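Below are the chains, spelled out letter by letter.
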Amino acid sequence: MDTKFFQEILARGVIALKVIPRAKKTEIVGKMADGTWKIRIASVPENGKANVELLKFLKKKGNIHAEIIQGEKERKKIIKLLLPPASSSRAKHFFTT
């Protein structure tokens, strides 16, 4: 399931998420009927902690560098993929994940 999620974000560049804070562990749950991906976050939704945990999770699990472009204070969010500079040595690794 994680592979499908990361393939979709790399292909589309933008993806809709439903974030469930205060979970036992941070994990991708699956794709909902409307195409939104559900992700559980182990952090609390206070002072942006869950958002930080979400972005760290994406970076750690799939080498995805992203920003939240909509829904910073809501459970439903839209994230946008941030591309590394083409000249960086990380660019090749970024697209082979």
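Scoring rules and cut-offs
- Residues numbered from 1 in each chain as written.
- Predicted model: local features only at pLDDT ≥ 70, side-chain atom pairs only at ≥ 80, totals over all residues.
- Heavy atoms only, no water.
- Helix = DSSP H or I, 4+ residues; strand = E, 2+ residues; numbered from the N terminus.
- Buried < 20%, exposed > 50% of the residue type's maximum accessible area, 1.4 Å probe, protein only.
- Core = buried A, V, L, I, M, F, W, Y, C linked by side-chain atoms within 4.5 Å.
- Contact = heavy atoms within 4.5 Å.
- Pairing = 2+ DSSP bridges.
- Axes fitted to C-alpha atoms, helices over the stretch in contact; angles between N-to-C directions.

Quick notes on unusual backbone geometry
Here comes step 1: Not every positive phi belongs to a glycine, and asparagine 47 is a case in point at roughly 55 degrees.
Here comes step 2: Within the secondary structure layout, asparagine 47 lies in the loop between β3 (37-40) and α2 (49-62).
Here comes step 3: The exposure class assigned to asparagine 47 is exposed, which follows from its relative accessible area of 77%.

A short note on the nonpolar core
Here comes step 1: Of all hydrophobic cores here, the largest spans 19 residues; its most connected members are Phe5, Leu17, Leu54, Leu58 and Ile79.
Here comes step 2: Looking at this core, the elements that each hand over two or more residues are α1 (2-12), β1 (14-20), β3, α2, β4 (66-70) and β5 (76-81).
Here comes step 3: Ignoring anything within four residues of it in the chain, the contact list for leucine 54 reads Leu17, Val19, Ile39, Ile41, Ile68, Lys77 and Ile79.

A few points about the sheet that holds β1
Here comes step 1: Taken in spatial order, the 5 strands of this open sheet run β2-β3-β1-β5-β4, and their pairing is mixed. The two strands at the open ends of the sheet, each matched to only one other strand, are β2 (27-31) and β4. Each adjacent strand pair in this sheet contributes to an overall mean axis angle of 40 degrees, direction not counted.
Here comes step 2: Sheet topology places β1 next to β5; 5 bridges connect them, and they run antiparallel. Its bridge partner being in β5, alanine 16 is matched across the sheet by isoleucine 78.
Here comes step 3: Set on the sheet, α1 makes contact with β1, β2, β3 and β5; between it and β1 the angle comes to about 140 degrees.
Here comes step 4: Against the sheet, α2 contacts β1, β2, β3, β4 and β5, and its axis sits at roughly 135 degrees relative to β4.

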